[in-house]
Structures are given as structure tokens and as C-alpha cells.
Amino acid sequence: MAVVLRELPGKFIQAKVANHAFPLTNGVHAFVNCLVIAGLEHGDSIWICSSELLLVLGALRFEIRNTVDVRDAAERETLDLQYGEVIDVERAGMADRVCIDTGSLMEHDEGMLIGSMSRGLFFVHAETAESPYVASRPFRVNAGAVHAYVRTPDGGTKYLSELKSGDEVQVVDTDGNTREAIVGRVKIEKRPMFRVELAVDGDRIETLLQNAETIKVATGEGRKAVTDLEVGDELLLYYEDVA
């Protein structure tokens, strides 16, 4: 039985095919070419009337979406994370603390790379864990003080104080796999802080993190609250000896 799906502009199809630099299977390519030729021969629009073609269109949509996902994953960085040894943890008084609320839900092993020095960024977990004090906020990373850096998907950094809604930040998991997330809002509030200092590859790096048990970092023994950190703990970080 023939069904009219909708009127499709041939030029639109041609433009869409031309604008995507990814391969399609021969069968789908031939189908798209037939649509384009039909559009060029019969004017600006063509009619899809066969119900069987609905299945082909569904396959085409799935293939394009799947190919784009694979391409995007291949273009993302995989970072070589390592551990640094905690050599100092001390109370640092009050500071303007930044929470990064994203438009994405993060997994239990995901967070962001944060630090006072761009060459050494601490892995800070997203607030995915339940707490007796507050509910989980899997879209949020409590990132530290306004002066600190956060890593971005282009491999650069931004000051936490510069972040605004619509900006992109890099989400990373404990294996170093990365993806991007959009900032929904930034919350800045005065909070008590810890200064945490690490030794890594003969260098010393540090950052300020809020003095709260809901702030978790990745250690050699697993996820750990900042309030429980001790000298000698091993913390996960991203280190580049370039800055």
C-alpha cells in the first residue's frame, strides 16, 4: 500500500548529504542519490509514496546518528591521568566557591579537572553520591575557588570566575575518557576551604577545595571526601610539565 510520507525538497537532501563528511553504506548512498536525482529531474520537491521506503528512511536516520556518535567519540581526547602524593592539607579560611551545574547527568566515575595551576589539575568527582546531609546532584561539580582553572574540551582552561551559561567544559572519568558538557549555571557562594598540595614528578601543585564532606576526589583507594584526606594519600590528577 502506498502512503504519502511528506514532501521532501530535493535540494535539501542534496545539501544535507554534501554537508556531512562521513561514509554511508552503498545501499543507503544509492537510495539518497536516487532521491537527489529525482529531486533534480522533477523540480524542487519529490514525493515518497511507498510504505517500504519508510523503513529505509528509518535505517538511514539510525545510520547517520550512529556514525555521528562514533565520529564524535573518536575525536574526543583520552587523557593520561596519574597519581600525586598529598603532602599538605590545611584549612584556608573563607573564599568564593564555584559550583558548576551542567546540562548533563554525570556517572559515578566522572568529574572535572580543576586546579590552581594549569599544569596540574585535580580530578574532582561530580556530586553523584548520596549523603546524609544533601541529596545527590549528578549534574554538578563543586569545583573550588573562583581563581582556579577548569579544563575545556579544546584542551585549554578557563578560570572558574569566567564561566557562564552556554560555555562548554570537559567531563572526564577516572580512566581518562572525556566528553563535553554545557554549563547551565554557575553558583558562587562564600564557603570555608581546604588547601590541598600534591607532589608529582618532582613538582608541587595545589588547589583550594571546599571544606565539606560532599566534595569527593579520586584516590588510590577509591573515592574519598576532601574532609578525610591525609598526608600520604594518592590523588588522581592530570599533569603536564609545560606551564
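All of these numbers come straight from a predicted model, not from anything done at the bench.

Student: What exactly am I supposed to notice about unusual backbone geometry here?
Tutor: Most peptide bonds take the trans configuration, and most residues that are not glycine carry a negative phi. Of note in this structure, D201 is not a glycine but carries a positive phi near 50°. Tracing the sequence through the fold places D201 in the loop between β10 (178-200) and β11 (203-210). Exposure remark for D201: the relative accessible area of 60% places this residue in the exposed category.

Student: Looking at this structure, how should I read the packing of aromatic side chains?
Tutor: Two numbers describe a pair of aromatic rings. These are the distance of the centres and the angle of the planes. Scanning the entire structure with this criterion turns up 1 aromatic pair. Pairing Y149 with Y159 gives two aromatic rings, centres 4.8 Å apart and planes at 25°, and the pair type is stacked. Remark: Y159 occurs in strand β8 (residues 157-159) and Y149 occurs in strand β7 (residues 149-151); sequence separation between them is 10 residues. On the accessibility criterion, Y149 (17% relative accessible area) is buried. The class for Y159 is partly exposed, based on a relative accessible area of 35%.

Student: Before we go on, may I ask you to explain the pairing of strand β13 (residues 222-225) in this structure?
Tutor: By the bridge criterion, 4 bridges tie strand β12 (residues 216-219) to β13 in an arrangement that is antiparallel. Bridge pairing links T219 to G222 in β13. Taking the residues that link successive antiparallel strands as the turn, the β12-β13 hairpin has 2 residues.

Student: Which parts of the structure should I look at to understand the pattern of salt bridges?
Tutor: Opposite charge on two side chains permits pairing when their charged atoms draw close. If you walk through the whole model with that rule in mind, you get 16 salt bridges. Between R191 and E189 there is a salt bridge, and its shortest N-O distance comes to 3.4 Å. Given the relative accessible area of 28%, R191 is considered partly exposed. According to the relative accessible area criterion, E189 is partly exposed, its value standing at 26%.

The rules behind these values
- Residues numbered from 1 in each chain as written.
- Predicted model: local features only at pLDDT ≥ 70, side-chain atom pairs only at ≥ 80, totals over all residues.
- Heavy atoms only, no water.
- Helix = DSSP H or I, 4+ residues; strand = E, 2+ residues; numbered from the N terminus.
- Buried < 20%, exposed > 50% of the residue type's maximum accessible area, 1.4 Å probe, protein only.
- Phe/Tyr/Trp six-rings, centres within 6.5 Å; stacked < 30°, edge-to-face > 60°.
- Pairing = 2+ DSSP bridges.
- Salt bridge = Lys/Arg side-chain N within 4 Å of Asp/Glu carboxyl O.

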